[in-house]
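What follows is each chain in one-letter form.
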Amino acid sequence: MFDFPAIQFTYKPWRLFVVGCSMLSLVAFVILCILPESPKFVLNNGNVEGAIEIIKTVHRWNCGKSADLDHIYGLYDETASEHEQDVRKMTLFASIWFQIKPLFLPQHLRTTVLICILKFIEFAGTNGLYVWIPEVLNRLAKNDVDYPGERIRMCDVVYRYRPNITYLDDNIVFSSESCNAKFEIATYEQTVLLEIFYTSSFVIQALLINRVGKFPLLFGITVIATIASISAMYVEVPMLSAYLYMLQILIGTTDSILNAVIVDLYPTNVRATAMAIGSVAGRLGSVFFAYVIGLLLDYHCSEALVMTFSLYILCAFLVIFIPNIHKRPEKKTVSSVGDEASNKPVE
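Calculation notes
- Residues numbered from 1 in each chain as written.
- Predicted model: local features only at pLDDT ≥ 70, side-chain atom pairs only at ≥ 80, totals over all residues.
- Heavy atoms only, no water.
- Phe/Tyr/Trp six-rings, centres within 6.5 Å; stacked < 30°, edge-to-face > 60°.
- Helix = DSSP H or I, 4+ residues; strand = E, 2+ residues; numbered from the N terminus.
- Buried < 20%, exposed > 50% of the residue type's maximum accessible area, 1.4 Å probe, protein only.
- Lys NZ or Arg CZ within 6 Å of the ring centre and 35° of its normal.
- Salt bridge = Lys/Arg side-chain N within 4 Å of Asp/Glu carboxyl O.
- Contact = heavy atoms within 4.5 Å.
- Polar contact = N/O pair within 3.5 Å; in protein donor to acceptor, adjacent residues only side chain to side chain.
- Disulfide = S-S within 2.5 Å.
- Axes fitted to C-alpha atoms, helices over the stretch in contact; angles between N-to-C directions.
- Left-handed = near helix turned anticlockwise from the far one by under 90°.
- Nonpolar A, V, L, I, M, F, W, Y, C, P; charged D, E, K, R; others polar.
- Expected span 1.5 Å × (residues − 1).
- 1 Å grid on protein atoms, 1.4 Å probe; cavity = no way out; pocket = protein on both sides within 12 Å on 5 of 7 lines; lining within 4 Å.
- Points joined across faces, edges and corners; volume = space filled by probe spheres on them.
- Parallel < 35°, antiparallel > 145°, perpendicular 65-115°, else oblique.

## What to know about the packing of aromatic side chains
What the rule picks out here adds up to 4 aromatic pairs. Measuring from ring centre to ring centre gives 5.4 Å for tyrosine 198 and phenylalanine 202, while their planes differ by 75 degrees; the resulting arrangement is edge-to-face. On the criterion of helical spacing, the pair formed by tyrosine 198 and phenylalanine 202 is a turn pair, its members being 4 residues apart in helix 9 (residues 185-212). Taking relative accessible area as the criterion, phenylalanine 202 reaches 31% and is therefore assigned partly exposed. Between the aromatic rings of phenylalanine 215 and phenylalanine 219, the centroid separation amounts to 5.5 Å while the plane-to-plane angle is 20 degrees, which identifies the pairing as stacked. A residue pair is termed a helical-turn pair when its members lie 3 or 4 positions apart in one helix, as phenylalanine 215 and phenylalanine 219 do in helix 10 (residues 214-234) at 4 residues. Residue classification places phenylalanine 215 among the buried residues on the basis of a relative accessible area of 17%. Relative accessible area serves as the criterion here: at 29%, phenylalanine 219 is assigned to the partly exposed category. The positively charged end of arginine 160 is found above the aromatic ring belonging to tyrosine 147, 4.1 Å away from the centroid.

## Some remarks on the pattern of salt bridges
A complete count under the given rule lists 9 salt bridges for this structure. The residue lysine 119 makes a salt bridge to aspartate 255 at a minimum N-O spacing of 2.4 Å. Of this pair, lysine 119 sits in helix 6 (residues 109-130) while aspartate 255 sits in helix 12 (residues 255-265), and the two are 136 residues apart along the sequence. Comparing lysine 119 with aspartate 255 shows no difference in burial state: the two are buried. Arginine 139 is paired through a salt bridge with glutamate 135; the nearest N and O atoms lie 2.7 Å apart. In this pair, arginine 139 and glutamate 135 are both assigned in helix 7 (residues 133-146), 4 residues apart and thus about one turn of the helix distant.

## As for the environment of glutamate 150
Relative to the assigned elements, glutamate 150 resides in the loop between helix 7 and helix 8 (154-160). Judged by relative accessible area, which is 26%, glutamate 150 ranks as partly exposed. Not counting residues up to four positions away in its chain, the partners in contact with glutamate 150 are Asn143, Arg160, Glu236 and Pro238. Here the side chain of glutamate 150 touches arginine 160 through a polar contact of 2.9 Å, side chain to side chain.

## Considerations on the state of the cysteines
Every disulfide links exactly two cysteines, by a covalent bond between their sulfur atoms. By the definition in use, this model includes 1 disulfide. Between the sulfur atoms of cysteine 155 and its disulfide partner cysteine 301 the distance amounts to 2.2 Å. One disulfide, between cysteine 155 and cysteine 301, carries an S-S torsion of -70 degrees and so falls in the left-handed class. Of this pair, cysteine 155 sits in helix 8 while cysteine 301 sits in helix 14 (residues 301-319); the two residues are 146 residues apart in sequence, bridging distant segments of the chain. Here cysteine 155 falls in the buried class, since its relative accessible area comes to 4%. Residue cysteine 301 is classed as buried on the basis of its relative accessible area, which comes to 2%.

## Observations regarding the packing of helix 10 against helix 12
Axis angle and axis distance: for two packed helices, these are the angle between their axes and the distance between the axes, and together they describe the pair. It is at 10 Å that the axes of helix 10 and helix 12 come closest, and there the two elements cross at 145 degrees. As for how helix 10 packs across helix 12, the hand of that crossing is left-handed. Contact with helix 10, carried on its side by Lys214, Leu217, Leu218 and Ile221, involves Ile257, Leu258, Ala260, Val261 and Asp264 of helix 12 and no other residues of that element. For the contact of helix 10 with helix 12, a count of residues per class yields 7 nonpolar, no polar and 2 charged.

## Observations regarding helix 7
Helical geometry note: an α-helix holds 3.6 residues per turn, so side chains three or four residues apart project in the same direction. Given a rise of 1.5 Å per residue, 14 residues ought to cover 20 Å, and the 20 Å separating the end C-alpha atoms of helix 7 matches this to within 8%. Taken residue by residue, helix 7 has Ile133, Val136, Leu137, Asn138, Arg139, Leu140, Ala141 and Asn143 as its buried positions. Buried residues along helix 7 sit against helix 6, helix 8, helix 9 and helix 11 (238-247).

## Concerning the environment of leucine 314
With respect to the helices, strands and loops of the structure, leucine 314 is situated in helix 14. Residues leucine 314 and isoleucine 117 lie 197 residues apart in sequence; the distance between their C-alpha atoms is 9.6 Å.

## With respect to empty space enclosed by the protein
In this structure the tally under the stated criterion is 1 cavity of 30 Å³ or more. If you add up the space inside the largest cavity, you get close to 70 Å³. Lining of the largest cavity is provided by Leu129, Val136, Met154, Val158, Tyr245, Ile293, Leu297, Cys301, Ala304, Leu305 and Thr308. Among the elements of the structure, helix 8 and helix 14 are those that each provide at least two residues to the lining of the largest cavity. Ranked by the residues each element gives to the lining of the largest cavity, the list is headed by helix 14, at 4 residues. Partitioning the lining of the largest cavity into residue classes produces 10 nonpolar, 1 polar and no charged.

## What about the packing of helix 7 against helix 9?
Interaxial distance between helix 7 and helix 9 falls to 9 Å at its minimum, and their mutual angle equals 135 degrees. Taken together, the axes of helix 7 and helix 9 are oblique relative to one another. Crossing of helix 7 against helix 9: the hand is right-handed. For the pair helix 7 and helix 9, the contacting residues are Ile133, Pro134, Leu137, Asn138 and Ala141 in the first and Ala186, Thr187, Gln190, Thr191 and Leu194 in the second. The residue makeup of the contact of helix 7 with helix 9, split by class, is 6 nonpolar, 4 polar and no charged.

Here is the structure:
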């Protein structure tokens, strides 16, 4: 801990943790600077040779040898039309509206609204709750230390250790005991377990998605998260409540499945925009739910949990209505893929 009296600033250890997490973004920025432009984008601008060179470069990175053009079955001449070139000359907001508008036409409106709602709930249940996980887990761990073996519900523990706030001349005053800067060891252990569990679930999904299909995974994960959220509210064993509270964050792992659904539902020309609109809806859910949980946690914890699992139930219900979600993926052999590619025109 470092104090800077001149600017009335204290550099606490948690700030170093934030800096460490931010370094990943810096690494990602450097990698993005090294990666070449998308060959599809280059091809769309009429530079066929440039697109081929990029493909050869990536092939060398992957295989460690010069690319053999026989692996390229064909390149479409996707030179931007005059109309598309005119769009690029539009103002920023006019260009954005031109790209967004197809998603809200009758052909895609229902699907777009449905995806946005699902993304909103998914991100709200993940990032919105994740902000407060260390605080909730620490209160549960502290209660286990202060009152070992006590049977008590999670929200009662949250109420027990809420800050002691008074109001003086319209100003909020915290008592000296309100800000607990100490984290129990159990909190760190549970947080690490959460990250391991969260990462492992993505690996399991990747192994199962082609075997069982998107709907069983999406619906099943949402149901598990719902059951965990309801159980965390009523279980009277604090440590079990902690693990159930973490388990409901599992709904965030459905993001990759929803992205795969978007790829299947939208044509190529609006697919990227659909992904972006879904992400915007998700970010709004994250910000909204993080603030709402923060407002309700200390004095209306039960209401916060009821709102959470109610959204999860709505999510499980809406998943049923995703178009073509019940279709199983078609199995393709190498020869069939080669036959399809060989029938494409080469220009």
